[in-house]
Amino acid sequence: MSDAANKPAAAPGLGATLASIVNGCFGDYLSQRDNGLAIDMAFYRHNRPLSLTPEALRAAFPAPTARLCVLLHGLCCHEGAWDYPDNPARSYGSALQADLGFTPLFLRYNTGLPIPYNGKALDTLLEQLLAAYPLPVEELVLLGHSMGGLVLRGACHFGAERGAAWVGKVSRVFYIGTPHEGAALEQVGHLVNSILHAVPNPITHLLGDVANQRSQGIKDLRHGTVLDGAAGVAAVPWLAGAQHYMIAGTVTDDPEHLAAKLFGDGLVQPPQAGENVCLFPGIDHMQLAHDDAVYEQIKTWCAST
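Remember, predicted model here, so these are calculated numbers, not experimental data.

Q: I'd love a proper account of the pairing of strand β8 (residues 277–280), names of residues and values included.
A: Burial along β8 is one-sided: the residues Cys 278 and Phe 280 are buried and none of Val 277 and Leu 279 is. Summarising the sheet, strand β7 (residues 243–249) and β8 pair through four bridges and their orientation is parallel. Within the sheet, the bridge partner assigned to Gly 249 lies in β8 and is Phe 280. Crossover β7 to β8 through helix α10 (residues 258–263) is right-handed.

Q: Before we move on, could you go through helix α6 (residues 147–161) and cite the residues and values that matter?
A: Every α-helix winds through 3.6 residues per turn, so residues three or four apart in the chain are directed the same way. The terminal C-alpha atoms of α6, which comprises 15 residues, lie 21 Å apart, in line with the 21 Å expected from a rise of 1.5 Å per residue. α6 sits mainly inside the fold: 13 of its 15 residues count as buried. One or two positions beyond α6, positive phi appears at Gly 163, with a value near 70 degrees.

Q: Please set out the sheet that holds β8 residue by residue, giving values where relevant.
A: Hydrogen bonds along the backbone pair up the strands of a sheet, which may run parallel or antiparallel. Across the sheet, eight strands lie side by side as β2-β1-β4-β3-β5-β6-β7-β8; this open sheet has mixed pairing. The open sheet is flanked by β2 (48–49) and β8, the only strands paired with a single partner.

Q: Can you lay out the packing of aromatic side chains for me, pointing to particular residues and giving the numbers?
A: If you walk through the whole model with that rule in mind, you get seven aromatic pairs. The interplanar angle of 25 degrees and the centroid separation of 6.1 Å between the aromatic rings of Tyr 92 and Tyr 295 together place this pair among those described as stacked. Placement of the pair is Tyr 92 in helix α4 (residues 92–100) and Tyr 295 in helix α11 (residues 292–303), with a sequence separation of 203 residues. Here Tyr 92 matches Tyr 295 in class, with each residue buried. The interplanar angle of 65 degrees and the centroid separation of 5.5 Å between the aromatic rings of Tyr 175 and Trp 238 together place this pair among those described as edge-to-face. Within this pair, whereas Tyr 175 is found in strand β6 (residues 170–176), its partner Trp 238 is found in the loop between α9 (216–220) and β7, the two being separated by 63 residues in sequence.

Q: Describe in detail the pairing of β7, supporting the description with residues and values.
A: By the criterion of burial, β7 is predominantly enclosed, with six of the seven residues buried. Looking at chain direction, β6 and β7 are connected through five bridges and run parallel. For Tyr 175, the partnering residue across the bridge sits in β7 and is Met 246.

Q: Explain helix α2 (residues 14–32) to me, using residue names and the numbers behind them.
A: Largest kink in α2: about 90 degrees, centred on Phe 26. Turning to α2, the residues buried within the fold contact β4 (103–108) and α9. The first or second residue beyond α2 is Asp 34, which carries a positive phi of 50 degrees.

Q: Help me get a handle on the nonpolar core, residues and values and all.
A: Considering soluble globular proteins, one finds that nonpolar side chains tend to be buried as a cluster. Residues Phe 43, Leu 122, Leu 129, Leu 142 and Trp 166 are the most contacted members of the largest nonpolar core, which totals 44 residues. Of all elements in the fold, only α3 (54–60), β3 (67–72), β4, α5 (115–132), β5 (139–145), α6 and β6 reach the threshold of two or more residues within this core.

Q: Describe unusual backbone geometry, and please don't skip the residues or the numbers.
A: We note that His 46 has phi near 55 degrees; this positive angle belongs to a residue other than glycine. Relative to the assigned elements, His 46 resides in the loop between β1 (42–45) and β2. Positive phi, normally seen in glycine, also occurs at Cys 76, with a value near 65 degrees. You can see Cys 76 is positioned in the loop between β3 and α4.

Q: Describe the environment of Thr 17, listing the residues and the values that go with them.
A: One can find Thr 17 in helix α2. In sequence terms Thr 17 and Cys 77 are 60 residues apart; their C-alpha atoms lie 6.8 Å from each other.

Q: Let's hear about the packing of α4 against α11: which residues, and what values?
A: Running from amino to carboxyl end, α4 crosses α11 at an angle of 45 degrees, the nearest separation of the two axes being 11 Å. The pairing of α4 with α11 is recorded here as oblique in orientation. Two packed elements cross with a definite hand, and for α4 against α11 that hand is right-handed. Across the interface between the two elements, Tyr 92, Ala 95, Leu 96, Asp 99 and Leu 100 of α4 pack against Val 294, Tyr 295, Ile 298, Lys 299, Cys 302 and Ala 303 of α11. Tallied by class, residues from the contact of α4 with α11 come to nine nonpolar, no polar and two charged.

What counts as what
- Residues numbered from 1 in each chain as written.
- Predicted model: local features only at pLDDT ≥ 70, side-chain atom pairs only at ≥ 80, totals over all residues.
- Heavy atoms only, no water.
- Buried < 20%, exposed > 50% of the residue type's maximum accessible area, 1.4 Å probe, protein only.
- Helix = DSSP H or I, 4+ residues; strand = E, 2+ residues; numbered from the N terminus.
- Pairing = 2+ DSSP bridges.
- Right-handed = clockwise from strand over helix to strand, strands pointing away.
- Expected span 1.5 Å × (residues − 1).
- Phe/Tyr/Trp six-rings, centres within 6.5 Å; stacked < 30°, edge-to-face > 60°.
- Bend = angle between axes of the 7 residues up to and from the residue.
- Contact = heavy atoms within 4.5 Å.
- Core = buried A, V, L, I, M, F, W, Y, C linked by side-chain atoms within 4.5 Å.
- Axes fitted to C-alpha atoms, helices over the stretch in contact; angles between N-to-C directions.
- Parallel < 35°, antiparallel > 145°, perpendicular 65-115°, else oblique.
- Left-handed = near helix turned anticlockwise from the far one by under 90°.
- Nonpolar A, V, L, I, M, F, W, Y, C, P; charged D, E, K, R; others polar.

Here's what the structure looks like:
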């Protein structure tokens, strides 16, 4: 293989960012029409999709380990959402690799598709990953930011239903800014859309029709929909045999401030306090995906027995 083929590609740039935003807003439309802009779910490395063959995985990971961590981004994002803005080479995945010996895999997917669809697709992809991985996998840690946490929860459910081998390897699942109870922003969007359609005026009806063209993935965030036909994530049991952790932030340093109570991290309300729940006041929704304090908590939980 030539040196050019071995040379890592640049990190995701403006083109990947714009494509991810378009997919988040209209991804189901793009997919239905086989549009070339539609993103196919895949693990990405150096801004390229990773082929799930033993040869490709050995080339991508010359020193693979038996412990894997899989990271899923949120709505309108790509795997670059995990990169630290001041140090793009650092992410929760690279840090877990350096500190605890995990081999990181970053997913890129069409966030405009229905969340249940993406959950089923991830279940299949994880099965293919374990079948092609150069070593027998001993442990699998899953990290999902925002919508990514719902996709993870769905994948675990679908995999457990059919007795998939990968499910038994999952030790921990991290839900980082995940709207288990629904995303407030989409709830407001649905309310506004309903009002526009309720007003007896053709202009407001037209505006409502335009607003309703947002992707099914966005609409699924309203209730945290993970299963087809289910109103919310409450219909999905937690994966048995794994530890589940919730990480949340607030828009103000004071979690009791009215703004924090009303807006949570800016997009998602924090969950109720609990043993495996950690709140980070002053850290907003996007920052939760690349913050030193958040990582230290993740590392502590991963290192615990």
